[in-house]
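# Structural overview for review
This is what each chain is made of:
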Amino acid sequence: MAVAARKASRSDAAPSAVKSRTARKTQSPAQKKGAAGFTKDQDLFAYREMLLIRRFEEKAGQMYGMGLIGGFCHLYIGQEAVVVGMQMATKEGDQVITGYRDHGHMLACGMDSKGVMAELTGRRGGYSKGKGGSMHMFSKEKHFYGGHGIVGAQVSLGTGIAFANRYRKNGNVCLTYFGDGAANQGQVYESFNMAELWKLPVVFVIENNRYAMGTSVSRASAQTDFSKRGASFNIPGEQVDGMDVRAVMAAGERAIEWARSGKGPYILEMQTYRYRGHSMSDPAKYRSKDEVPRMREEHDPIEQVRRRLIDQWKLSEDELKAVDAKVREIVNEAAEFATNDPEPDVSELYTDILK
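These notes cover the structure that comes with them. (Residues numbered from 1 in each chain as written. Predicted model: local features only at pLDDT ≥ 70, side-chain atom pairs only at ≥ 80, totals over all residues. Heavy atoms only, no water.)

## A word on the overall build of the protein
The following threshold applies: Secondary structure elements are taken from DSSP: a helix is a run of H or I of four residues or more, a strand is a run of E of two residues or more, and numbering for both begins at the N terminus. With a 1.4 Å probe rolled over the protein chains alone, any residue whose accessible area is under 20% of its type maximum counts as buried; one over 50% counts as exposed, and the rest are partly exposed. We call two residues in contact when some of their heavy atoms are within 4.5 Å. Each accessible area is a Shrake-Rupley result for a 1.4 Å probe, and residues are judged covered by the shown protein chains and nothing else.
Helix and strand counts for the protein stand at twelve helices and five strands. When each of the 355 residues of the protein is scored for burial, the buried share is 55%. Across the protein, every contact between residues at least 6 apart in sequence was considered, and the portion connecting residues at least 24 apart equals 75%. For the protein, the exposed surface amounts to about 15,600 Å²; the carbon and sulfur share of it is 52%.

## Observations concerning the packing of helix α2 (residues 40-65) against helix α3 (residues 80-87)
Between two packed helices, both the angle of their axes relative to each other and the distance between the axes serve to describe the pair. To be explicit about the condition: Axis lines are fitted to C-alpha atoms, over the contacting stretch for helices. Their N-to-C directions set the angle, which ranges from 0 to 180 degrees. When describing relative orientation, an angle under 35 degrees is termed roughly parallel and one over 145 degrees roughly antiparallel, while 65 to 115 degrees is termed roughly perpendicular and anything else oblique. Crossing handedness is defined as follows: a turn of the near helix away from the far one that is anticlockwise and smaller than a right angle gives a left-handed crossing, while the clockwise case is right-handed. Following the grouping adopted for this structure description, the nonpolar residues are Ala, Val, Leu, Ile, Met, Phe, Trp, Tyr, Cys and Pro, the charged ones are Asp, Glu, Lys and Arg, and the polar ones are all others, Gly among them.
Contact pair α2 / α3: the axes reach a minimum separation of 9 Å and the direction vectors enclose 135 degrees. Considering the angle they form, α2 stands oblique to α3. Our pair here, α2 against α3, has a crossing hand that is right-handed. Packed against α2, whose contacting residues are A46, E49, M50, I53 and R54, the element α3 presents E80, A81, V83 and V84 at the interface. Residues of the contact of α2 with α3, tallied by class, amount to six nonpolar, no polar and three charged.

## Things to note about the environment of N170
As for its placement among the helices and strands, N170 is situated in the loop between α6 (153-168) and β2 (174-179). Note: C-alpha distance between N170 and D94 (76 residues apart in sequence) is 9.8 Å. With sequence-adjacent residues up to four places away left out, N170 is seen in contact with K91 and N165.

## Some thoughts on the pairing of strand β3 (residues 202-208)
Consecutive side chains along a regular strand alternate between the two faces of the sheet. Cut-off, in case you're wondering: One bridge is not enough; two strands pair if DSSP finds at least two bridges between them. A clockwise course of the path from the first strand over the helix to the second, judged with the strands pointing away from the viewer, identifies a crossover as right-handed.
Across the seven residues of β3, seven count as buried, placing the element largely inside the fold. What you see with β3 is no split at all: V202, F204, I206 and N208 on one side and V203, V205 and E207 on the other are buried throughout. Where β2 and β3 come together, six bridges link them in parallel fashion. Bridging from a neighbouring strand, G179 pairs with E207 of β3. The β-α-β motif built from β2, the intervening helix α7 (residues 186-197) and the parallel element β3 has right-handed crossover chirality. With six bridges connecting them, β3 and strand β5 (residues 266-271) associate as parallel partners. Bridging from a neighbouring strand, I206 pairs with E269 of β5.

## Re the layout of surface pockets
Definition in use: Both cavities and pockets are sets of points on a 1 Å grid over the protein atoms alone; in a cavity a 1.4 Å probe fits but cannot get out, in a pocket the set is open with protein on both sides within 12 Å along at least five of seven lines, and lining residues sit with an atom within 4 Å of a point. Grid points are joined across faces, edges and corners, and a volume is the space filled by probe spheres set on the points.
Volume-wise, the largest pocket comes out at about 350 Å³. For the largest pocket, the lining is made up of 20 residues, of which Y100, F178, G179, D180 and A182 are closest to its centre. For the lining of the largest pocket, the leading source of residues is β2, giving three residues. For the lining of the largest pocket, the class distribution of residues is eight nonpolar, nine polar and three charged.

## Topic: the sheet that holds β3
Spatially, β1-β2-β3-β5-β4 is the arrangement adopted by the five strands of the open sheet, whose pairing is parallel. Of all strands in the sheet, those with a lone pairing partner are β1 (95-97) and β4 (237-241), marking the two edges. Put simply, the sheet's adjacent strands are angled 20 degrees from each other on average, direction ignored. Against the sheet, helix α9 (residues 245-260) makes contact with β2, β3, β4 and β5, and its axis sits at roughly 160 degrees relative to β4, the strand it touches most.

## Quick word on unusual backbone geometry
When glycine is set aside, most residues are seen to have a negative phi, and most peptide bonds are trans. Despite not being glycine, K129 has its phi angle at roughly 60 degrees, a positive value. Within the element layout of this structure, K129 appears in the loop between α5 (113-120) and α6. In the Ramachandran plot, K314 falls in the positive-phi region, its phi being about 65 degrees despite a non-glycine side chain. Relative to the helices and strands, K314 is located in the loop between α11 (301-311) and α12 (317-340).

The analysis is restricted to geometry; functional conclusions fall outside its scope.
Structural data, given as structure tokens:
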């Protein structure tokens, strides 16, 4: 069972919670397994990774309210199990590309939280030198090919990355994320056709958080089962409980293996939910007041793992508080760095420009 863990050398890694890729691949068969095949270490890893995303996004929301982050800011709170579960199913070299709700994807890929937060605040220590902001960060080292502000644009780009993988015969798979709103874009279906025609190693991950930019899928989509969107192109698909990290990882392994073995693209519809509005400027009045609290209480992805760690793996409240304290320390350090790091020099306006 392949699990993508952060490298031990990463600056914000907690050594007790994170192991190398190799170590995770060679776990002892005798190690006790939990429901859906998760070990204690895997539950702990998923808990920390999702908690890091949650705390980071909460802090980003606070900093946006303080005026430290400008422009657009789309938070990933509630959807953490999707990207964490999918990354746990990848191998080194697999790529990720997504839309503009992208901070969680960056962190799950192993990008440093200081660099991500500094980019949000427009500082020179950011991943795009403070010139890209929330929606435009990249890391060749971590195989993250960006958040993209144009709705659906990343689907054709992700298909192109998969074409490069096939051409180079490197065995890598590109995870291409997009939302239920972007699923209605024309370029998505052009990409589906090309990907199936050439049997490209790409997994299309549709993060169905139900409301796109502010309209329920039932009002905006004639076909609300997004796993069927590739049917006319003979692309297989399945619906997944995107609030359960175990279900996500299991589906991710199936889809990635399909694509890596040369069978072509695969579609995963992750049925998930965002707790905040589309962006920080969205009051989200299109849903009832009790809907979000009910989802938090009944389906929260982090709370599900927390309960397993306590009930099944017998971790104490103090042990879990220690994990949370370490995560908060990492996020606070990132916020401090992003607040005090200098802004880019004016001369940077004329660099990194394709002429």
